[in-house]
Amino acid sequence: MLIIGAGASGKSAEAFLQQRGAKTYLYFDPSAIEFEESDFDLAVLSPGVSINHPLAQQFKSKLVSELTLGFSGRHKPIVAVTGTNGKTTVVNLIHQILGQNRSILCGNIGIPVTSVSEEIKRKIPIAEVSSFMLELPAPRVRIAVILNITQDHLDRHGTIENYVRHKESLAHGQKRCDRLILNFDCPTTRELAKGKRQRILWFSTTARVKGVYIEDGVVWLNLKRKRRRLYSLNELGLFRMHDIQNFLATLLVCWLLGKKNIGEVCGRPLKQIEDHRIEFVRAVGQTAFYNDSKATNIAATLAAVNSISLPVHLIMGGQRKGQDFNKFFENLPAHVARICVIGVDKKYIVKTAAAHGISDIYLCDGLVDALEWSVKGSGAKVVLLSPACASFDEFKNYQDRGNKFKEMVDKLGSV
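Since the structure is predicted, the reported quantities are computational estimates derived from the model, not experimental observations. (Residues numbered from 1 in each chain as written. Predicted model: local features only at pLDDT ≥ 70, side-chain atom pairs only at ≥ 80, totals over all residues. Heavy atoms only, no water.)

We now examine helix α4 (residues 87-98). Here α4 is twelve residues long and its end C-alpha atoms lie 17 Å apart, about the 16 Å a rise of 1.5 Å per residue gives. By the criterion of burial, α4 is predominantly enclosed, with ten of the twelve residues buried. The first or second residue beyond α4 is G99, which carries a positive phi of 95 degrees. (Helix = DSSP H or I, 4+ residues; strand = E, 2+ residues; numbered from the N terminus. Expected span 1.5 Å × (residues − 1). Buried < 20%, exposed > 50% of the residue type's maximum accessible area, 1.4 Å probe, protein only.)

Looking at the secondary structure, you find S46 in the loop between β3 (43-45) and α2 (54-58). Judged by relative accessible area, S46 falls into the buried class, the value being 6%. Ignoring anything within four residues of it in the chain, the contact list for S46 reads I3, I4, G5, S9 and G10. (Contact = heavy atoms within 4.5 Å.)

What follows covers the sheet that holds β3. Spatial ordering of the open sheet is given by β2-β1-β3-β4, a layout of four strands whose pairing is parallel. Each end of this open sheet is capped by a strand with a single partner; those strands are β2 (25-27) and β4 (63-65). Adjacent strand axes in the sheet meet at a mean angle of 25 degrees, parallel and antiparallel pairs treated alike. The strands that helix α1 (residues 8-19) touches are β1 (2-4), β2 and β3; relative to β1, the one it contacts most, it runs at about 165 degrees. (Pairing = 2+ DSSP bridges. Axes fitted to C-alpha atoms, helices over the stretch in contact; angles between N-to-C directions.)

Attention now moves to the packing of α4 against helix α9 (residues 241-256). Viewed as axis vectors pointing N to C, α4 and α9 meet at an angle of 40 degrees, and their least axial separation amounts to 9 Å. Taken as axis vectors, α4 and α9 run oblique relative to one another. Crossing angle aside, the handedness with which α4 passes α9 is right-handed. Contacts between α4 and α9 involve T89, V90, L93, I94 and I97 from the former and N246, T250, V253 and C254 from the latter. (Parallel < 35°, antiparallel > 145°, perpendicular 65-115°, else oblique. Left-handed = near helix turned anticlockwise from the far one by under 90°.)

Spatially, nine strands are ordered β6-β7-β5-β8-β9-β10-β11-β12-β13 in an open sheet, and the strand pairing comes out mixed. Across the chains shown, the open sheet's two edge strands, defined by having one partner strand only, are β6 (103-107) and β13 (228-232). In this sheet, neighbouring strand axes are inclined to one another by 20 degrees on average, regardless of whether the strands run parallel or antiparallel. Pairing between strand β12 (residues 218-222) and β13: four bridges, direction antiparallel. Bridge pairing in β13 links L221 to R228. Taken strand by strand, α4 contacts β5 (79-82), β6 and β7 (124-128), and its axis lies near 165 degrees from that of β7.

Interpretation in functional terms is not warranted from these geometric data alone.
This is the structure we're talking about:
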């Protein structure tokens, strides 16, 4: 067995195969190594390696994903969640509501499926699935959730059409009795319902749908002939649109799995479930600091700034992943008063901002410099780290970026 990619998923796949008596070769050396197809019976592609990698192309007829490999044996019916934003929040909420005795987290959340192969025989796997994991055919998913789709990872997938196609492929292996849950409020996911044979259910904040929706500040469940009132948004303490949508998707999945009494989780703000997502750090004088380092694409950053009513001094930038920032500045709300830009693609971002008439924007040498510029100015404001970009140019990952920001903020004196 050939494993292409030596990250966490690749090493987990290697251990999984060795435990089953296979002879494995873990490929991680970028230098030229020649293999013959006849040398291997199977090739496993780690999600960190593109399907366009020469070795992946050479072994295409024998290639499976680590996701499919992990689900190749006996297991409970799979719940899988994908989308551009909100995946981690939703799988964490589902897992917390179902409980550790009944469910197990896996997938893009940092837990390779092959590493929990024994547990998924007894517990429902709640898998976070990225577009990287869907470049190869996905296993059958009993409940598939596609939360939203906006441009992201175009540096790897090339076009938005390819990106959408990979996300949609999560539903391709489903049968008529399976459920596909889609976001009615997102035009792209709404289109995905066309031609599908499985049962389609929706969540929406704007329309009465088959599934779950909001009307006049109330959550309604509409699965049978008569709709059912569940909660008011005021009871739940939910006010931000992306929090509400994440909650609706979670609620629908848990209801389908028979978990109908979820009041013990409902009252908690969803932002507490996930670090680095619009996370309050501290207030100094009239300035509040928020860490949204997990916002690695345009849609996530727009959602963050739109959830704040005070003037925002935004720290952003990094690796833009092929995203078109014209769309970002076209939709940027007026209360974003200052922008401090860091990272390898900062000149592109500043140039694009200038084309849209944005003048209060600064090229910064790094996070320390950006923080110094962002705190300048009087009056109440929010300093928000919400990069809209990947972190790998300067940091290990988005967690490292967010943690460094929090450390810097904690050391600040008066502003």
